[in-house]
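Coordinate inspection notes
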Amino acid sequence: MQSSIAQLEVTYLRTTSPKPDPRNPRVHSDKQVRQIAQSIESFGFNVPLLIDDQQMVIAGHGRLLPARRLGRETVPAIRLSHPTKSQRTAFLIADNRLTENSSWDERNCY
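How each quantity is defined
Residues numbered from 1 in each chain as written. Predicted model: local features only at pLDDT ≥ 70, side-chain atom pairs only at ≥ 80, totals over all residues. Heavy atoms only, no water. Helix = DSSP H or I, 4+ residues; strand = E, 2+ residues; numbered from the N terminus. Buried < 20%, exposed > 50% of the residue type's maximum accessible area, 1.4 Å probe, protein only. Pairing = 2+ DSSP bridges. Axes fitted to C-alpha atoms, helices over the stretch in contact; angles between N-to-C directions. Contact = heavy atoms within 4.5 Å. Parallel < 35°, antiparallel > 145°, perpendicular 65-115°, else oblique. UniProt positions renumbered as here; feature names shortened; annotations may be inferred. Salt bridge = Lys/Arg side-chain N within 4 Å of Asp/Glu carboxyl O. Expected span 1.5 Å × (residues − 1). Arc of directions from axis to C-beta.

What about the overall build of the chain?
In terms of regular secondary structure, the chain is built from 3 helices and 4 strands. Overall, the chain shows an N-to-C arrangement of helices and strands of β-α-β-β-α-β-α. Considering only C-alpha atoms, the chain reaches an extent of 40 × 40 × 25 Å along its principal axes. Looking at the chain as a whole, 28% of its 110 residues are labelled buried.

What follows is the structure, encoded as structure tokens:
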């Protein structure tokens, strides 16, 4: 069975437009926000936010905060219209939790 694949398009939003989800289960310390800000300054803003049709952040809370602190005017975003509210919530949790199940391959850590 083949599922339909949504066409993704990156748009640029003013940093004041995306609304952080007040129910986001992930907490970002000031130290981590500073670290992400340093990463954005060093490498650029390379991973777009994921937002819903009301510009609520689905994924990328930890990138939006430092972008705002750095005074960035815009951030890249991908609007996801296809997930239901429960799917958005499930994705938000899965997107954060699944990385906890991985480990490092020390041979490839530069």
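With respect to the sheet that holds strand 1 (residues 10–14)
The 4 strands lie next to each other as 1-4-2-3, forming an open sheet whose pairing is mixed. If you trace the sheet from one side to the other, it starts and ends with strand 1 and strand 3 (57–59), each paired once. Sheet twist, expressed as the average angle between the axes of neighbouring strands with direction ignored, equals 50 degrees. Packing against the sheet, helix 2 (residues 61–69) makes contact with strand 2 (49–51), strand 3 and strand 4 (74–79), and its axis sits at approximately 120 degrees to strand 3. Contacting strand 2 and strand 3, helix 3 (residues 85–97) runs over the sheet at an angle of about 45 degrees to strand 3.

A closer look at the packing of helix 1 (residues 30–43) against helix 2
For the pair helix 1 and helix 2, interaxial distance at closest approach is 8 Å and the crossing angle is 75 degrees. As judged from the angle between their axes, helix 1 and helix 2 are roughly perpendicular. Taken together, the residues of helix 2 that come into contact with helix 1 (itself represented by D30, V33, I36, A37 and I40) are G62, R63, L65, P66, A67 and R69.

Focus: the UniProt feature "domain: ParB-like N-terminal" (unreviewed entry) in the chain
On the UniProt side, "domain: ParB-like N-terminal" (unreviewed entry) is annotated at positions that read residues 11–97 here. Secondary structure content for residues 11–97 is 41% helix and 18% strand, and the end C-alpha separation is 26 Å.

Considering the pairing of strand 4
Taken together, the 5 bridges between strand 1 and strand 4 define a ladder with antiparallel strand orientation. Paired with T11 across the two strands is A77, which belongs to strand 4.

Some details on the pattern of salt bridges
Counted by the stated rule, this structure contains 3 salt bridges. The partner of D52 in a salt bridge is R88, with the nearest N and O atoms 3.7 Å apart. Here the residue D52 occupies a position in the loop between strand 2 and strand 3, and R88 occupies one in helix 3, the gap between them amounting to 36 residues. Note that D105 is salt-bridged to R107, the shortest N-O span being 3.0 Å.

Digging into helix 1
The terminal C-alpha atoms of helix 1 lie 20 Å apart, and with 14 residues this matches the ideal 20 Å at 1.5 Å per residue to within 8%. Within the span of helix 1, buried status applies to V33, I36, A37 and I40. Axial view of helix 1: buried residues confined to an arc of 105 degrees, hence all on one face. In this structure, helix 1 carries K31, Q38, S42 and F43 as exposed residues pointing more than 90 degrees from its buried face. The inward-facing, buried residues of helix 1 abut helix 2. Just beyond helix 1, the residue with positive phi is G44, at close to 95 degrees.

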